[in-house]
Amino acid sequence: MSHTLGIRQVQKQKTRQSLLDAALGLLEEQSLSSLGLREVTRAVGVAPTAFYRHFRSTADLGVALVEEALSSLHPMIRTTVSTADDSGVRIIRAVELIAGHVDAYPAHVRFIARERHGGVQPVRDAIRDQLARFGEEVKAELAKDPVSAGWSDDDLLMLANLYVDQMLITASLFLEALEAPQEERQRVAQVAERQMRLISIGRHHWLDRTPPPGAGTAP
């Protein structure tokens, strides 16, 4: 009996993954808000009722796609701001990691880029929550750097979110250049490195002349 249950569980997991893969493929050409569950089940070759054994709705499926697309990125995001190397090396490594991820998972990157501001609230919320986690994890890494001495928690989180946003922008640019000549991809990498370097330069001078609360307003 346990062997039969094990086979059924494996089959159930395979069907669930097939539904996710089919949805991701269909979402290459449309938004989640326009995706019908019958489209997804037809692509997999199962009855529409089978969909509800795995997901409550297409929104629930979208949340699962967010988890699939972003949950595995947390170690990579932390690596890009690790204090093991100087900032120049970190920046080059970050851009290389982002480019490699886009090359390996373009459909996931396109899905997140489209649905981050899309029309399905639970999916937008799931993306926002994952990005908030990224921000907190990057903040924890930045706090280990001696350059962060004297920074407030709020300012460190602001800086962390700047890095996370820049990584998303860089991923989108690499996605647009996915089929472009190598020269164009190199240009994207150079621009991304310069943008991150600008953030890094600002970071090193943030505490130079930080005005006290309420200052800066002429009487």
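This is a predicted model, so every value here is computed, not measured.

**Student:** Please give an account of the overall build of the protein that cites residues and values.
**Tutor:** Counting secondary structure elements, the protein contains 10 helices and 0 strands. Dimensions of the protein along its principal axes, counting C-alpha atoms only, are 70 × 45 × 40 Å. The buried share of the protein, reckoned over its 219 residues, is 39%. Element-wise, carbon and sulfur atoms account for 55% of the exposed surface of the protein, whose accessible area totals about 12,400 Å².

**Student:** Provide a residue-level description of the environment of Ala 113, including the pertinent values.
**Tutor:** Mapped onto the secondary structure, Ala 113 falls in helix H7 (residues 106-115). Separated by 45 residues in sequence, Ala 113 and Met 158 place their C-alpha atoms 21 Å apart.

**Student:** Outline the side chain of Ser 148, listing residues and values.
**Tutor:** On the secondary structure map, Ser 148 appears in the loop between helix H8 (121-143) and helix H9 (153-176). We classify Ser 148 as buried; its relative accessible area is 6%. Other than its neighbours up to four places away in sequence, Ser 148 contacts Leu 142, Ala 143, Leu 156 and Arg 203.

**Student:** Describe in detail the environment of Arg 124, supporting the description with residues and values.
**Tutor:** Relative to the helices and strands, Arg 124 is located in helix H8. Judged by relative accessible area, Arg 124 falls into the partly exposed class, the value being 24%. Expressed as a C-alpha distance, the spacing of Arg 124 and Thr 80, which sit 44 residues apart in the sequence, is 25 Å. If near-sequence neighbours (up to four positions away) are discounted, Arg 124 is found in contact with Glu 115, Arg 116, His 117, Gly 118 and Gly 119.

**Student:** Lay out the pattern of salt bridges with the relevant residues and their values.
**Tutor:** Counted according to the given criterion, the structure contains 11 salt bridges. Here Arg 203 and Asp 145 are joined by a salt bridge, their closest N and O atoms 3.7 Å apart. Of this pair, Arg 203 sits in helix H10 (residues 182-205) while Asp 145 is found in the loop between H8 and H9, placing the two residues 58 residues apart along the sequence. Salt bridges here are not isolated pairs; linked through shared partners, they connect Arg 90, Asp 145 and Arg 203.

**Student:** Before we move on, could you go through the packing of aromatic side chains and cite the residues and values that matter?
**Tutor:** To describe a pair of aromatic rings, you give the distance between the ring centres and the angle between the ring planes. By the definition in use, this model includes 3 aromatic pairs. Measuring from ring centre to ring centre gives 5.6 Å for Phe 51 and Tyr 52, while their planes differ by 80 degrees; the resulting arrangement is edge-to-face. On the accessibility criterion, Phe 51 (0% relative accessible area) is buried. Ring geometry for Trp 151 versus Trp 206: centroids 6.2 Å apart, planes at 35 degrees, classification tilted. Here the residue Trp 151 occupies a position in the loop between H8 and H9, and Trp 206 occupies one in the segment after H10, the gap between them amounting to 55 residues. Look at Trp 151 and you get buried, because its relative accessible area is 11%. The class for Trp 206 is partly exposed, based on a relative accessible area of 35%.

Definitions and cut-offs
- Residues numbered from 1 in each chain as written.
- Predicted model: local features only at pLDDT ≥ 70, side-chain atom pairs only at ≥ 80, totals over all residues.
- Heavy atoms only, no water.
- Helix = DSSP H or I, 4+ residues; strand = E, 2+ residues; numbered from the N terminus.
- Buried < 20%, exposed > 50% of the residue type's maximum accessible area, 1.4 Å probe, protein only.
- Areas by Shrake-Rupley, 256 points an atom, 1.4 Å probe, with all protein chains shown as cover.
- Contact = heavy atoms within 4.5 Å.
- Salt bridge = Lys/Arg side-chain N within 4 Å of Asp/Glu carboxyl O.
- Phe/Tyr/Trp six-rings, centres within 6.5 Å; stacked < 30°, edge-to-face > 60°.

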